[in-house]
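# Examination of the molecular architecture
The lines below spell out each chain.
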Amino acid sequence: MRILLLGADGFLGRHAATALRSLPGATVLTAGRRPDHDLRLDLATAQAGPLGEELAAHAPDAVVNFAGAVAGSAVKLAEVNARGPAVLCEALEQGAPKARLVHIGSAGEYGVCAPGSSLAEDADARPVGVYGATKLAGSLAVAGSPLDAVVLRVFNPVGPGAPAGSLPGRLAAELRRAAAEGTDGVVRVGDLSAHRDFVDARDIARAVALAVAAEGPLPRLLNLASGQARPVRAIADGLVTAAGFTGRIDESGAGSERSAAVSWQQADVSAVAGALGWHPETGLDETLRDLWLSTEPPATA
């Protein structure tokens, strides 16, 4: 099986590459902007016709799309998250119409969720910001295409290698800095009272591999999450425990506007269990311990 992986350089893409390479008989090709990729590709600027020809030449049996942007201008978010998947679908129709497309969506597409409730795949999508709206547009392009395609709507990913732009990655780096300075210190963050559904990046990667290898058509949309909302404060508590930090977490810093607008998100994961036999296997404590161990110590002068 020939698998083309877009976004292999990112946090989730790196974990997915490992899982996909473990599939029996798999050959994993990568696509991205760097010259050492098998396919030089920037979905923000790609044109469907030339990309279709490239896809025909590479003849993938499956395409996994992790390419996306979580920050930047509205134009950048629209180019990568909305236009990119639409171009990819059109190119696949032309160059590899029988390939399965596994596209990575986001819980940000759902928007506001009533506290205490769980979001199933048929819940109304009401994103509260540009990021969620552009991700939703991309997912709709995939779900509405004639391709053999599935959107895996990922909730809050965390795990080894979490980027500094995410709260877990940023907090781990700050705790590592405090530990290196040898002080109890204070680590300042925003309000941590919002509830999110955290899922280990390695569990996400395993679900992607299952989706690629699954026989027969899949549902157009599947949630990937733990199925349990946890306060964001649990991330701080788990990392503090893993780090042995004896200082203080100060929540008086600037917080996320999205957390203020969406105070609760929890997924219903029964559909993915039925379609792929997938269940999250990694507990949050283990995830945070492994994140802490993967965090690079600060450079010394």
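Above this note sits the structure.
These remarks concern the structure in this document. These figures come from a predicted structure and were not determined experimentally. (Residues numbered from 1 in each chain as written. Predicted model: local features only at pLDDT ≥ 70, side-chain atom pairs only at ≥ 80, totals over all residues. Heavy atoms only, no water.)

### Quick word on the pattern of salt bridges
Evaluation of the coordinates by the stated rule reveals 13 salt bridges. What emerges from the salt-bridge pattern is a single network uniting Asp 200, Arg 202, Arg 289 and Asp 290. (Salt bridge = Lys/Arg side-chain N within 4 Å of Asp/Glu carboxyl O.)

### A closer look at the packing of aromatic side chains
What the rule picks out here adds up to 1 aromatic pair. A cation over an aromatic ring shows up here: Arg 153 above the ring of Tyr 110, its NZ or CZ 4.4 Å from the ring centre. Lying across the ring of Trp 292, Arg 176 places its NZ or CZ 3.8 Å from the centre. (Phe/Tyr/Trp six-rings, centres within 6.5 Å; stacked < 30°, edge-to-face > 60°. Lys NZ or Arg CZ within 6 Å of the ring centre and 35° of its normal.)

### As for helix H10 (residues 284-294)
For H10, the full list of buried residues reads Leu 284, Thr 287, Leu 288, Asp 290, Leu 291 and Trp 292. Of the surrounding elements, those touching the buried residues of H10 are strand S7 (156-158), helix H5 (167-181), strand S10 (198-200), helix H6 (201-213), strand S12 (230-231) and helix H7 (233-243). (Buried < 20%, exposed > 50% of the residue type's maximum accessible area, 1.4 Å probe, protein only. Helix = DSSP H or I, 4+ residues; strand = E, 2+ residues; numbered from the N terminus. Contact = heavy atoms within 4.5 Å.)

### Structural notes on the pairing of strand S11 (residues 221-224)
The two faces of S11 match: Leu 221 and Asn 223 on one face and Leu 222 and Leu 224 on the other face are all buried. Pairing of strand S6 (residues 148-154) with S11 involves 4 bridges; the strand directions are parallel. Opposite Val 154, over in S11, you have Leu 224 as the bridge partner. (Pairing = 2+ DSSP bridges.)

### Here we look at the sheet that holds strand S1 (residues 2-6)
Taken in spatial order, the 7 strands line up as S3-S2-S1-S4-S5-S6-S11 in an open sheet, and their pairing is parallel. Strand pairing shows two members of the sheet lacking a second neighbour, strand S3 (39-40) and S11, which therefore form its edges. Two strands pair when backbone bridges link them, and strand S4 (residues 62-65) and strand S5 (residues 100-106) are joined in this way by 4 bridges, in the parallel orientation. Considered in S5, the bridge of Asn 65 is made with His 103. Sheet strands touched by helix H1 (residues 11-21): S1, strand S2 (27-32) and S4. Its angle to S1, the strand with the most contacts, is close to 175 degrees. (Axes fitted to C-alpha atoms, helices over the stretch in contact; angles between N-to-C directions.)

### Some thoughts on the side chain of Arg 153
Looking at where Arg 153 falls in the secondary structure, it is placed in strand S6. Overall, Arg 153 belongs to the buried group, its relative accessible area being 5%. At 2.5 Å, the side chain of Arg 153 and the side chain of Glu 109 are in polar contact. Sequence-distant contacts of Arg 153, defined by excluding residues within four places in its chain, comprise Gly 105, Ser 106, Ala 107, Glu 109, Tyr 110, Leu 136, Leu 221, Leu 222, Asn 223 and Leu 224. (Polar contact = N/O pair within 3.5 Å; in protein donor to acceptor, adjacent residues only side chain to side chain.)

### Structural notes on the nonpolar core
With 92 residues, the main nonpolar core has Leu 20, Leu 51, Val 64, Leu 92, Leu 101, Leu 152 and Leu 239 as its most contacted residues. Here this core gets 8 residues from one element, more than from any other, and that element is H6. Excluding residues that lie within four positions of it along the chain, Val 64 makes contacts with Ile 3, Leu 4, Leu 5, Leu 6, Leu 20, Val 102, Val 208 and Val 212. (Core = buried A, V, L, I, M, F, W, Y, C linked by side-chain atoms within 4.5 Å.)

### With respect to the packing of helix H2 (residues 48-58) against helix H3 (residues 74-95)
Packing of H2 against H3 leaves a shortest axis separation of 8 Å and a crossing angle of 50 degrees. One way to sum up the angle between H2 and H3 is to call them oblique. In this structure, H2 crosses over H3, and the sense of that crossing is right-handed. Touching Ala 48, Gly 49, Leu 51, Gly 52, Leu 55 and Ala 56 of H2 are Val 87, Leu 88, Glu 90, Ala 91, Leu 92, Gln 94 and Gly 95, all from H3. The residue makeup of the contact of H2 with H3, split by class, is 8 nonpolar, 4 polar and 1 charged. (Parallel < 35°, antiparallel > 145°, perpendicular 65-115°, else oblique. Left-handed = near helix turned anticlockwise from the far one by under 90°. Nonpolar A, V, L, I, M, F, W, Y, C, P; charged D, E, K, R; others polar.)

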